[in-house]
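What follows is each chain in one-letter form.
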Amino acid sequence: MRRMRRSTQLTVVLLTLALVAAACGGGKKKTATPKATTTTQANAPKGGTLVLGADQEPLCGDAIGACGAQLWAQYVFEEQVMARAFDMTSLGKQVPSDVLTGLPDLVTTPKQKVTYHINPKAVWSDGQPILCADFLYSWDQEDHDQDINDRSGYKNISGIDCPDPKTAVANFSAPYADWRSLFSGFTEIWPSHLLKGKNRDALVKDGFKWSGGPWMLDHWTKGQELKLVPNPAYWGKKPNLDAVVWKFPADSAAQVADYKSGQFAAIYPQAQLLLALLKNQPNTFFKPFVVFNYEDLWFNTSKPPLDSKAVRQALAYATDRDAIVSQLFGPVGSLIKPIQSYTTQVNKTWYSTEFSKYKRDLSKVDSLMKGDGWTKGPDGIWAKGGKKAAVELNTTAGNKRRELTEQVLQSEWKEAGFTATVNNTKAGTLFGQWLPAGTFDIGIFAQTPSSPHPSATMCSNFCTLSIPTTANGNSGQDYTRYNDAAVTTKIKGLDTELLATKAKADLADIMSSLVEAVPSLPVDPLPQVFVVNTAKVGGYLEAGNPIYGPFVNLNEWYCKGGTC
Amino acid sequence: MLTFAVRRIAYSIPVLLLASVLVFLFVRETTDPLARYRASPDKELVGRERKLLGLDKPITHQYTTWLTNFVHGKWGDSFVSHRDVSKDIRASLWNTMQLIIWGILFSAACAIAIGVYSAARQYSVLDYTFTGLSFVGLSMPVFWFALMSIQFLVYEPKRIFHLSQPILYSVGLHSATDHSLLDYGRHLVLPVLALSVQLIAGWSRYERASMLDAMSSDYIRTARAKGVPRSKVLFKHGLRNALIPLTTIMAIDIGALFGGLIITETIFAWPGMGRLFVNALINGDTNVLLPWLMITAAFIVLFNLLADVLYGVLDPRIRLA
């Protein structure tokens, strides 16, 4: 009895101490983890309005035309209200969405044919079923309408057959390897019964109230807010919240302050040092989020001294990419690493490590430069034929991350015997004039692929046909002027190779040529940071994926205590 | 007076015309309306759009076409969003005007009060304090003050008093679920403060100087000698005359504010002219930039004109000269 009493006393004392410790320790540095939540969808609290901060306001609602390929238009609006054929897992794998009954049937011979089986429950917000006619209309718009942002893949389709209203068969005139991205991603499915025969752009540019997703638009006051409410006709998981309101803070420092003051329940800004302030904020889920976006040093291979392969390789060996990434993102997330190919580490299927051979090695710089006929002057700078190894770094003025990259590069390259000067300009001039006209040396800018498949950016960046010339009106994005007919043929083949194993082998072959030629040097994965106030928001917060971002399962979020 | 006003208006027309030429040339030179099409795999798109936008025509033809359309109110659609530019500018202008109206009222009241007090109690402790504060206000960058105001007037009170919502807001015009007048007021305080700091600092110095000037005038001495009470001399004779230079300064400043609230509107997510301009500039949206610049130029000319006319009205010596 006495022993019992002692043990009970001991337990009480320990429990008391634990409670006191918990109370004292609470608040300051507690970081909530989403996995700690035990609330399931079935018993998740209903109601409440969540206010979220978006980095950018959608320019308009026409996702395939005037305002195509805008990431924030996708996160804020399109992915919440539009029907799509394929979703994506958090590991970057494309899987059929709930618009389909399962994986489409793929036939590769004699010609590619994809048969989509549409879910009988799938309906638009007005109750009209989602039909083959909608696939037909969407393809027709993508392939034939003017001012379409990107017709990739759709132009390979020769027609869409409707054997029955709930089955759509896409017949391809030429194979298209990235077929899973069709009717998905930035393009999606449009309602034929509402838009056919009308001016799509005019009807949707200010937003639209029809929906094929879990949410629908309540109102969009330009410059102020965009409010989504649940789509009552949605056949999948219905939203727990009454509404989601997106606000558009334009300044990143203000956005951080606004989050801290509780005016936003979640934000998703680009990774920047300033965000380290939020890492230890109480009740905050803080996660650097690598997507498919990546940033490279793009060498102008038509301009001396960068027209020399040896110089480009030497610059690659002179660059300590680990140091750059650590300086740029270390305080935000130590797990962010440099990228070693033309996609990021989250793209499990297509990511490779070919560029890892370029580690900072000044002895290799010396041998490459000497082999190319350069000699070091008394100032420690390489020179050849009376000309110094001087290059210019060009990027968007005012971008602190890129300016910091330039400073690190200047210091590293000076030590390796190169002079690097900085000449930045506004985005419109860089992308509209300098890059198309080839009046740059080394551009620092990012790619934002809309699909995990390498065909999303490979040909536009490195195919001979994509070199901007006066003949093609300076269109095309092979700004590096990398010009190799054999590699172009291989890349074109990649676009149409339907067999994944063969495509991977082809990609490895292409990458070995590109690693040797170094038209660009991959640097960082350009992460975003997902910041959520876990005192307000409940639900699974790690469902995000590289295309649809972290708000993809907004319908599963809920307000803790029913208010937020 | 009418002749005076008509003459001033006539002067404004060539100024606006010259502004239109400069605006058109600078915007054409620094933006590329076709930039967004250059990356398209469709090789004919750039040529098609060039023709569609009339960029294949001579620059003089482009200018006259644009000016004619601008004067007739046909400002076209945004290159980026395809929305009606006049609608966007109208909405943004109204939001900026709200800031300006409240900001001017607040700044004018504070500046006049501070200026009069400082002049009436020259070299007092408060006069020195106001002088020091006005120098701080003039030298303080708006973006820094705005960010500090969010930290100390929004975040800290919420944290210290464990509030569920902040007392003042720093995002937009109103909350997601509350469109009441009180909510509007709570959103208005910080941006108005941010735009007012420099105005109060500058105007209070003008008001102090002109009050001191007025108070040392012969007519003030005469009034005092005739036994008019000090407060009456101060407010009826001194203040009325001291307001004349301030009024003109205010009119010029108000004109500039229509395009000059870029930082305030950006930090407080205020959907006004400043944010519209930044977005148009980033996207190279020539169709928005051109009318935006012309509208702000017109406001500056208009308020300068107003300053001239007001000066004439308030001080008959000017119009007679």
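Rules behind the numbers
- Residues numbered from 1 in each chain as written.
- Chains lettered and ligands numbered in written order.
- Predicted model: local features only at pLDDT ≥ 70, side-chain atom pairs only at ≥ 80, totals over all residues.
- Helix = DSSP H or I, 4+ residues; strand = E, 2+ residues; numbered from the N terminus.
- Buried ≥ 20, exposed ≤ 12 C-beta atoms within 10 Å, placed from the backbone.
- Contact = placed C-beta atoms within 7 Å.
- pLDDT = per-residue confidence, 0-100.
- Pairing = 2+ DSSP bridges.
- Axes fitted to C-alpha atoms, helices over the stretch in contact; angles between N-to-C directions.
- Arc of directions from axis to C-beta.
- Parallel < 35°, antiparallel > 145°, perpendicular 65-115°, else oblique.
- Left-handed = near helix turned anticlockwise from the far one by under 90°.

1. Describing the overall build of chain B
Assigned secondary structure in chain B consists of 14 helices and zero strands. When the elements of chain B are put in sequence order from the N terminus, they spell out α-α-α-α-α-α-α-α-α-α-α-α-α-α. Summarising its shape, the C-alpha atoms of chain B cover approximately 85 × 65 × 35 Å along the three principal directions. Counting only residues that meet the buried cut, chain B has 39% of its 321 residues in that class. Across chain B, every contact between residues at least 6 apart in sequence was considered, and the portion connecting residues at least 24 apart equals 70%.

2. Quick word on the overall build of chain A
The helix and strand tally for chain A stands at 14 helices and 23 strands. Its C-alpha atoms give chain A principal-axis dimensions of roughly 90 × 75 × 45 Å. Across the 564 residues of chain A, 51% fall into the buried class. At a minimum sequence separation of 6, the contacts of chain A that also span at least 24 residues come to 68%.

3. A word on the confidence of the model for chain B
When pLDDT is averaged along chain B, the result is 89, and 96% of the positions lie at 70 or above. Here the prediction assigns the complex a pTM of 0.83, and the interface score ipTM is 0.83.

4. Here's the deal with the sheet that holds strand β21 (residues 528-533) of chain A
Residue and element names in this part refer to chain A. Strand order across the open sheet formed by seven strands is β8-β9-β10-β1-β11-β21-β12, with mixed pairing between neighbours. Since the sheet does not close on itself, it has two edges, and those belong to β8 (215-221) and β12 (284-289), each with one partner. The pairing of strand β11 (residues 266-267) with β21 spans two bridges and is classified as antiparallel. Residue pairing for β21: A266 is matched across the bridge by V532. Lying over the sheet, helix α2 (residues 71-81) contacts β8, β9 (225-230) and β10 (243-247), oriented at roughly 140 degrees with respect to β8. Across the sheet, helix α6 (residues 252-260) lies against β1 (49-53), β11 and β21, angled at about 155 degrees from β1, the strand it touches most.

5. Thoughts on helix α8 (residues 321-329) of chain A
Here α8(A) has its buried residues at A:R321, A:I324, A:V325, A:L328 and A:F329. The arc enclosing the buried residues of α8(A), seen along the axis, measures out at 95 degrees, which places them on a common side.

6. Quick look at the pairing of strand β7 (residues 167-172) of chain A
Residues and elements named next belong to chain A. Side chains of β7 alternate between two faces, with A168, A170 and F172 buried and T167, V169 and N171 left unburied. Alignment of strand β5 (residues 113-117) against β7, held across five bridges, turns out to be antiparallel. Looking across to β7, one finds that K113 is bridged to N171. One ladder, built from five bridges, connects strand β6 (residues 157-164) with β7; its direction is antiparallel. Within β7, the residue paired with I157 across the bridge is F172. Where β6 folds back onto β7 in an antiparallel hairpin, the turn is made up of two residues.

7. Details of the sheet that holds strand β15 (residues 382-384) of chain A
Residues and elements named next belong to chain A. As summarised here, the arrangement of the three strands in space is β14-β15-β16, forming an open sheet in which the pairing is antiparallel. Because the sheet does not close on itself, it has two edges, and the strands there are β14 (375-376) and β16 (387-388). As paired elements, β15 and β16 share two bridges and run antiparallel to each other. Following the sheet pairing, A383 is matched in β16 by K388.

8. Some points on the packing of helix α13 (residues 485-496) of chain A against helix α14 (residues 500-517) of chain A
All names here are of chain A. Running from amino to carboxyl end, α13 crosses α14 at an angle of 155 degrees, the nearest separation of the two axes being 10 Å. In terms of orientation, α13 lies roughly antiparallel with respect to α14. When the axes of α13 and α14 are compared, the crossing they make is left-handed. Contact with α13, carried on its side by V487, K490, I491, G493 and L494, involves A503, D506, L507, D509, I510 and S513 of α14 and no other residues of that element.

9. Digging into the packing of α8(A) against helix α10 (residues 400-416) of chain A
Residue and element names in this part refer to chain A. Between α8 and α10, the shortest axis-to-axis distance is 10 Å and the interhelical angle comes to 145 degrees. Along this stretch, α8 crosses α10, giving a crossing that reads as right-handed. Facing α8, whose interface residues are A323, I324, Q327 and L328, α10 presents R401, L404, T405 and V408.

10. Here we look at the environment of A:L131
Residue and element names in this part refer to chain A. As for its position among the elements, L131 is in the loop between β5 and α3 (132-144). With 23 C-beta atoms counted inside 10 Å, the residue L131 sits in the buried group. Taking the C-alpha atoms as reference, L131 lies 11 Å from K121; in sequence the two are 10 residues apart. The contacts of L131, once residues within four sequence positions are left out, are I118, P165 and K166.

11. Observations regarding the environment of A:F172
All names here are of chain A. With respect to the helices and strands, the residue F172 is situated in strand β7. Take F172: there are 21 C-beta atoms within 10 Å of it, and that puts it in the buried class. Those residues in contact with F172 that lie beyond four places of it in its chain are K111, Q112, K113, N156, I157 and S158.

12. Description of unusual backbone geometry
All names here are of chain A. Following T109, the chain continues to P110 via a peptide bond in cis, the omega torsion being -5 degrees. For P110, the location among the structural elements is in the loop between β4 (105-107) and β5. The linkage connecting P304 with the following residue, P305, adopts the cis geometry, with an omega of 0 degrees. Of note, P305 is situated in the loop between β13 (294-299) and α7 (309-318). Phi at L526 takes a positive value of approximately 50 degrees, unusual for a residue other than glycine. Mapped onto the elements, L526 comes out in the loop between β20 (520-524) and β21. Residue classification places L526 among the buried positions, given that 23 C-beta atoms sit within 10 Å.

13. Description of the environment of B:G115
Structurally, the position occupied by B:G115 is in helix α5 (residues 85-120). Considering only alpha carbons, one finds B:G115 and B:A269, 154 residues apart in sequence, at a separation of 32 Å.

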